Amino acid sequence: MMNLILFGPPGSGKGTQAERLRDSFSLRHISTGDLLRDAVARKTPLGKKVESIMAAGELVSDEIVLELIREAIAATKADRSRKGWLLDGFPRTVGQAQSLDGLLGKTNEAIDEIIVLEVDRDAIIRRLSNRRSCPQCKAVYNLLNMPPVREGICNKCGKELIHRKDDRPETIANRLDVYEAQTAPILEHYEDKVPIHRVDGGRTVDEVTRAIENAVR
Ligand code: AP5
Ligand code: MG
């Protein structure tokens, strides 16, 4: 088993790297952001509850994401084709980290490594303003350096790409502040408990993938 947490600010490349690590290590990619956006797109009761919170770049409640995580981790255990999970965008508060510890204690699982992607604020704003995302297969593009082959269309599944509602300049700034205030302190919680690898996420996508693969092998 290999259970990883991909950690880092909005736009640091978690989704981009997760797509690759999922395939190279046969992991289940669990992104609470993707799960919540699916609920919003399907207009479920949960989706209606979280839509405006997400559009403002605030965090949804710990209870909501914990329920999603509980289900996704249980599904990974039941799936023999997966060798573990890769958490992206969770945990995001110290409370979520403590709840995850409790959950894993019960199922006798552990976090093997935490990978932190470090990218500076200016680069993040540039990346997110030019991001396009596939609502179906979750592939991530960038108009500046990773455009899709056909304008506005996902290379992998052919679906029309979207510009996320929370990728507006004011919202990006708020998401970065929320990360610093509520999410970054999680690393102190894990210090001395789980190995933490800091990776320079400002390099090319391939270089970052290589650095992560070297760190966890
Ligand atoms: P979430 O979906 O988790 O968003 P996020 O953390 O803000 O991160 P992003 O998805 O924006 O960035 P990323 O790191 O995945 O970067 P990407 O690979 O796309 O959360 C969204 C919202 O949901 C939250 O604000 C909150 O409301 C809610 N939520 C989710 N989880 C929650 C939780 N646990 N608790 C409470 N609320 C929760 O890359 C970004 C761009 O950069 C792309 O265009 C990409 O092509 C480009 N790029 C990537 N790597 C490189 C590179 N090396 N060089 C150049 N460009 C690159
Ligand atoms: Mg993402």
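1. Examining the environment of V50
Note that V50 resides in helix α3 (residues 45-55). Looking at V50, the relative accessible area reads 1%, which means it is buried. Residues V50 and I114 lie 64 residues apart in sequence; the distance between their C-alpha atoms is 27 Å. Once residues within four sequence positions are removed from consideration, V50 is found in contact with L36, V40, V60 and I64.

2. Quick word on the pairing of strand β4 (residues 113-118)
Burial runs high along β4: five of the six residues are buried. Sheet topology places strand β1 (residues 4-7) next to β4; four bridges connect them, and they run parallel. Within β4, the residue paired with L4 across the bridge is E113. Taken together, the five bridges between β4 and strand β7 (residues 196-200) define a ladder with parallel strand orientation. Residue pairing for β7: I114 is matched across the bridge by I196.

3. So, helix α4 (residues 62-78)
The end-to-end C-alpha separation of α4 is 24 Å, in line with the 24 Å expected for 17 residues at 1.5 Å each. In this structure, the buried side of α4 is in contact with β2 (28-31), α2 (32-41), α3, β3 (85-88) and α5 (94-107).

Rules and cut-offs
- Residues numbered from 1 in each chain as written.
- Chains lettered and ligands numbered in written order.
- Predicted model: local features only at pLDDT ≥ 70, side-chain atom pairs only at ≥ 80, totals over all residues.
- Heavy atoms only, no water.
- Helix = DSSP H or I, 4+ residues; strand = E, 2+ residues; numbered from the N terminus.
- Buried < 20%, exposed > 50% of the residue type's maximum accessible area, 1.4 Å probe, protein only.
- Contact = heavy atoms within 4.5 Å.
- Pairing = 2+ DSSP bridges.
- Expected span 1.5 Å × (residues − 1).

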